[in-house]
Amino acid sequence: ETGVTQTPRHLVMGMTNKKSLKCEQHLGHNAMYWYKQSAKKPLELMFVYSLEERVENNSVPSRFSPECPNSSHLFLHLHTLQPEDSALYLCASSQEVTPAGSPLHFGNGTRLTVT
Amino acid sequence: GQQVMQIPQYQHVQEGEDFTTYCNSSTTLSNIQWYKQRPGGHPVFLIQLVKSGEVKKQKRLTFQFGEAKKNSSLHITATQTTDVGTYFCAAFNAGGTSYGKLTFGQGTILTVHP
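Analysis parameters
- Residues numbered from 1 in each chain as written.
- Chains lettered and ligands numbered in written order.
- Predicted model: local features only at pLDDT ≥ 70, side-chain atom pairs only at ≥ 80, totals over all residues.
- Heavy atoms only, no water.
- Contact = heavy atoms within 4.5 Å.
- Salt bridge = Lys/Arg side-chain N within 4 Å of Asp/Glu carboxyl O.
- Polar contact = N/O pair within 3.5 Å; in protein donor to acceptor, adjacent residues only side chain to side chain.
- Helix = DSSP H or I, 4+ residues; strand = E, 2+ residues; numbered from the N terminus.
- Nonpolar A, V, L, I, M, F, W, Y, C, P; charged D, E, K, R; others polar.
- Pairing = 2+ DSSP bridges.
- Axes fitted to C-alpha atoms, helices over the stretch in contact; angles between N-to-C directions.
- Phe/Tyr/Trp six-rings, centres within 6.5 Å; stacked < 30°, edge-to-face > 60°.
- Buried < 20%, exposed > 50% of the residue type's maximum accessible area, 1.4 Å probe, protein only.
- Core = buried A, V, L, I, M, F, W, Y, C linked by side-chain atoms within 4.5 Å.

(A) Local environment of the interface of chain B and chain A. In this complex, chain B contributes 21 residues to the contact, which on the side of chain A involves 25 residues. Put simply, chain B and chain A have 0 salt bridges between them. The tally of links between chain B and chain A comes to 3 residue pairs in polar contact (both at pLDDT 80 or more). At the level of elements, strand 4 (29-37), strand 5 (43-49) and strand 9 (85-93) of chain B are the ones that each hand at least two residues to the side of chain B that touches chain A. Examining the composition of the side of chain B that touches chain A, we find that 5 residues originate from one element, strand 4 of chain B, more than from any other. Its residues assigned to classes, the side of chain B that touches chain A comprises 9 nonpolar, 11 polar and 1 charged.

(B) How the structure looks around the sheet that holds strand 7 (residues 64-70) of chain A. All names here are of chain A. Pairing within the open sheet is antiparallel, and its 4 strands lie in the order 1-3-8-7. Of all strands in the sheet, those with a lone pairing partner are strand 1 (4-7) and strand 7, marking the two edges. Strand after strand, the sheet turns through a mean of 20° between neighbouring axes, direction not considered. The sheet contact formed by strand 1 and strand 3 (residues 18-25) spans 4 bridges and is antiparallel. Following the sheet pairing, T7 is matched in strand 3 by K22.

(C) Seen up close, unusual backbone geometry. Cis peptide bonds are those with omega within 30 degrees of zero, and the linkage from T7 of chain A to P8 of chain A qualifies with -10°. Considering the arrangement of structural elements, one finds P8 of chain A in the loop between strand 1 and strand 2 (10-13). I7 of chain B connects to P8 of chain B through a cis peptide bond whose omega is -5°. Along the polypeptide, P8 of chain B turns up in the loop between strand 1 (4-7) and strand 2 (10-14). Of note, K59 of chain B is a non-glycine position whose phi angle comes to about 55°, a positive value.

(D) Representation of the packing of aromatic side chains in the model. For the structure on display, the rule yields 10 aromatic pairs over all chains. Taking the centre distance of 5.9 Å and the plane angle of 85° together, the rings of F106 of chain A and Y35 of chain B count as edge-to-face. Here F106 of chain A is found in strand 10 (residues 105-106), whereas its partner Y35 of chain B is found in strand 4 on a different chain. As far as burial versus exposure is concerned, F106 of chain A and Y35 of chain B are alike and both buried. On the basis of an interplanar angle of 70° and a centroid distance of 6.4 Å, the ring pair of F106 of chain A and F104 of chain B is categorised as edge-to-face. Separated into two different chains, F106 of chain A in strand 10 and F104 of chain B in strand 10 (residues 103-104) make up a pair that spans both.

(E) Geometry of the environment of L102 of chain B. With respect to the helices and strands, the residue L102 of chain B is situated in the loop between strand 9 and strand 10. Using a relative accessible area of 5% as the deciding quantity, one classes L102 of chain B as buried. A C-alpha to C-alpha distance of 21 Å links L102 of chain B and G85 of chain B, two positions 17 residues apart in sequence. When neighbours within four sequence positions are excluded, L102 of chain B is seen to be in contact with Y35 and L104 of chain A together with Q33, Y35, A90, A91 and F92 of chain B.

(F) Geometry of the nonpolar core. Among the nonpolar cores identified, the biggest contains 22 residues, and W34, F64, L76 and L78 of chain A are the most heavily contacted of them. Contributions of two or more residues to this core are made by strand 2, strand 3, strand 4 (31-37), strand 5 (44-50), strand 7, strand 8 (73-79), strand 9 (87-94) and strand 11 (110-114) of chain A.

(G) Structural detail: the environment of H29 of chain A. Residue and element names in this part refer to chain A. Mapping H29 onto the fold places it in the loop between strand 3 and strand 4. Exposure remark for H29: the relative accessible area of 8% places this residue in the buried category. Spatially, the C-alpha atoms of H29 and L51 are 8.8 Å apart, while their sequence positions differ by 22 residues. Here S94 takes part through its backbone nitrogen, which lies 3.4 Å from a polar atom of the side chain of H29.

Below, the structure is given as structure tokens:
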């Protein structure tokens, strides 16, 4: 499935670096999400965007900064990360963002390692 | 906040055996979704259950939503090596107002020995 594309697939960065994760969806969906997946922990929702407007910010540290320039693109800007931020970062999209629950379509993820 | 407990954490089966994973919540859920993540892959949507007592089938997979809408299960009949992966449940809280805020279970890692 190539409906949601994430780049890069792997990223190694030092704690003082600035990097960005990119996500693009080709499904015509109105909602996009960033999730963090760490070993032995449930998927953690970080941010939700609906039609380019942020509708949910799940108490994420300010060293993670999302950007949604249009309904097809989503970025996660990273700055001054900590080693515990190492994880798989998953982008997802859905038709709508409502409590009724449109299915999520996930990208392949970016495997981030902070050294 | 809402928590969704998923058990077991790991399940090892011999090919051909059945497998079941359970998802439990202390609060009433508006709906529940199930996802599968292959090793090295990303979660892929399997199904959504909405109605109390609902049962849905996809080939060898049977999904159930409890009568009280507080629990759900995924049962696989006669497992195959292609069933290997992590199975997640994810739920919305009934009456919730947090948009898009699915709560995921911890997942059940299934391994199948040929």
